[in-house]
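# Breakdown of the fold
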Amino acid sequence: MQPLAVATAVCLLVASTHTRDAGRPYGSATGKLPRLNATEAALLSAAQSWAKSHDHTLVLDARLRLAAGELTDEVPGAREQAMDLEQAREASQRWGSVDGQLALIGVRLPTGEPVAPILQRQLETDLSARAFDHIGVAARELGSEISAVVLLSRRLVELRPLAKRVSVGARIRLSGSLVPPASTPAQVTLALGLPNGSVVRQSLGRVQERFATTFQAPTTPGIVQVQLLVDRGAGPEIAALFPVGVDADPFDGTQARGTSEAAAPLTDSASVESEIVALVVEARRAERLTLPTLAPELVEASRAHGTDMRDGGFFAHVSPTQGDVAGRLRHLGIGYQRALENLATG
């Protein structure tokens, strides 16, 4: 029998410091947008063709398109440089999107060079393991170059309109539906990161399609981070992730801000990892089970997922950008017969 390998992930969370107007309510409709220009149409066609080859569909989304339009100045000149996903998340939230799983691709190329092959190569390299279903595209000329942005999301819930800013102590109604409706009831959980650093979790029970709940805003100003988790049987996924300002701009980094499934800052992560390994070994020894050995490649994978959760502001087995544990192990070239993952904060 192969020895069992153990690795641990430690998650710290950080918040954006960018500040602008809160904009439209979450879940609200947008007005009619201008037609796509030629480059945008080529981007959309290339992305949809790529998605079809992977047996899924990409639907053009107005909110993501508006958010992508705000990011065309941010595309780096060097193709190996990544764009700021959290900046894209904030832009999409300002336009009313709450999708918890996002991906972002920026392309800068000389005017006249075909954009489709470049985009499809990046999609295949970066996102072949993920099934996104909504897309926004934007492109414009910057001198002798074209700057293009493709913003994708995976939509697991549709929310009814919800204000981005509320008064202290207000009762807030959160309602919506699963996308698509669950063939068997899915577990839905609401997690609220409060301005004082605490996290409140509320189970919405097992949901077939529609859900609704209420929660009370804190009695002091600040920013609440709202996260909806949906578990259809393969582990919880981030369905929605967005801030609500309590007598505050929800995007004001100077305000007291909660985190999504906040973890207390740890001063010595290496000792915490060692302690967790020791506890796992001792628990298995007590049950007379095969004892695990520490696998450096799994340590690397776990730390990478912890970093992803910290930087992405989420806490879940399925990463918005890197997929589930199986996909992450495949990406690192780690073979296995069965892979399981535990997450914890504290």
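Before going further, it helps to examine unusual backbone geometry. Generally, phi is negative for residues other than glycine and the peptide bonds are trans, each holding for most cases. A cis amide bond links Val-179 with the next residue in sequence, Pro-180, at an omega value of -10 degrees. Examined against the element boundaries, Pro-180 turns out to sit in the loop between strand S8 (171-178) and strand S9 (186-193). For Asp-55, which is not glycine, the phi torsion reads 65 degrees and is therefore positive. As for its position among the elements, Asp-55 is in the loop between helix H1 (38-53) and strand S2 (59-60). Among the residues examined, Asp-55 registers a relative accessible area of 74% and is labelled exposed.

In this section: the layout of surface pockets. The calculated volume of the second largest pocket comes to roughly 820 Å³. Lining the second largest pocket are 31 residues; nearest its centre among them are Leu-104, Asp-126, Leu-127, Thr-321 and Gln-322. Every element with two or more residues in the lining of the second largest pocket is listed here: helix H3 (85-94), strand S3 (101-110), helix H4 (116-127), helix H6 (296-312) and helix H7 (325-331). Here the lining of the second largest pocket gets five residues from one element, more than from any other, and that element is S3.

Let's shift gears to helix H2 (residues 62-69). The complete set of buried residues in H2 reads Arg-63, Leu-64, Arg-65, Ala-67 and Ala-68. On its buried face, H2 is in contact with H1, H3, strand S4 (134-142), strand S5 (145-154) and strand S6 (157-159).

Examined against the element boundaries, Gln-48 turns out to sit in helix H1. Taking the C-alpha atoms as reference points, Gln-48 and Leu-58, 10 residues apart in sequence, are found 5.6 Å from one another.

So, on to the pairing of S9. With seven of eight residues buried, S9 lies mostly within the body of the structure. Where S9 meets strand S10 (residues 199-207), seven bridges bridge the pair, whose relative direction is antiparallel. Paired with Thr-189 across the bridge in S10 is Ser-203. Between S9 and S10, which pair antiparallel and follow one another directly, the connecting turn spans five residues, one of which, Gly-197, has a positive phi of 95 degrees.

Moving on: the nonpolar core. Ranked by size, the top nonpolar core spans 31 residues in total, and within it Leu-178, Leu-228 and Phe-242 carry the most contacts. Of all the secondary-structure elements, those providing two or more residues to this core are S6, S8, S9, S10, strand S11 (210-216), strand S12 (222-231) and strand S13 (236-246). Tallying contributions element by element places S13 first for this core, with five residues. If near-sequence neighbours (up to four positions away) are discounted, Leu-178 is found in contact with Leu-156, Val-157, Ala-186, Val-188, Val-207, Gln-208, Glu-209, Phe-211, Val-230 and Arg-232. Core analysis: the next-biggest nonpolar cluster, separate from the first, contains 24 residues, Leu-58, Val-115, Leu-127 and Phe-132 among them.

For the structure shown, the criterion picks out one aromatic pair. Where Tyr-26 meets Phe-242, the ring centres are 4.6 Å apart and the plane angle is 50 degrees; that geometry is what we call tilted. With Tyr-26 in the loop between strand S1 (5-6) and H1 and Phe-242 in strand S13, the pair connects residues that are 216 residues apart, well separated along the chain. Classification of Tyr-26 as buried rests on a relative accessible area of 0%. Its relative accessible area of 0% is what places Phe-242 among the buried residues. Taking NZ or CZ as reference, Arg-130 lies 5.7 Å from the ring centre of Phe-132, over its face. Sitting over the face of the ring of Tyr-26, Lys-164 holds its NZ or CZ atom 4.6 Å from the ring centroid.

One can describe the packing of H1 onto H4 by two numbers: an axis separation of 9 Å at closest approach and a directional angle of 40 degrees. As far as their axial angle goes, H4 and H1 are oblique. Between H1 and H4 the crossing geometry is right-handed. Every residue of H4 that contacts H1 at Leu-43, Ala-46, Ala-47, Ser-49 and Trp-50 is listed here: Ala-116, Leu-119, Gln-120, Leu-123, Glu-124 and Leu-127. Among the residues forming the contact of H1 with H4, the class breakdown is eight nonpolar, two polar and one charged.

A word on the sheet that holds S11. Two strands in a sheet stick together by hydrogen bonds in their backbones, pointing the same way (parallel) or opposite ways (antiparallel). Reading across from one edge, S6-S8-S11 is the order of the three strands in this open sheet, with antiparallel pairing throughout. Single-partner strands in this sheet number two, and they are S6 and S11. Between one strand axis and the next, the sheet turns by 30 degrees as a mean value, whatever way the strands run.

What counts, and where the lines are drawn
- Residues numbered from 1 in each chain as written.
- Predicted model: local features only at pLDDT ≥ 70, side-chain atom pairs only at ≥ 80, totals over all residues.
- Heavy atoms only, no water.
- Helix = DSSP H or I, 4+ residues; strand = E, 2+ residues; numbered from the N terminus.
- Buried < 20%, exposed > 50% of the residue type's maximum accessible area, 1.4 Å probe, protein only.
- 1 Å grid on protein atoms, 1.4 Å probe; cavity = no way out; pocket = protein on both sides within 12 Å on 5 of 7 lines; lining within 4 Å.
- Points joined across faces, edges and corners; volume = space filled by probe spheres on them.
- Contact = heavy atoms within 4.5 Å.
- Pairing = 2+ DSSP bridges.
- Core = buried A, V, L, I, M, F, W, Y, C linked by side-chain atoms within 4.5 Å.
- Phe/Tyr/Trp six-rings, centres within 6.5 Å; stacked < 30°, edge-to-face > 60°.
- Lys NZ or Arg CZ within 6 Å of the ring centre and 35° of its normal.
- Axes fitted to C-alpha atoms, helices over the stretch in contact; angles between N-to-C directions.
- Parallel < 35°, antiparallel > 145°, perpendicular 65-115°, else oblique.
- Left-handed = near helix turned anticlockwise from the far one by under 90°.
- Nonpolar A, V, L, I, M, F, W, Y, C, P; charged D, E, K, R; others polar.

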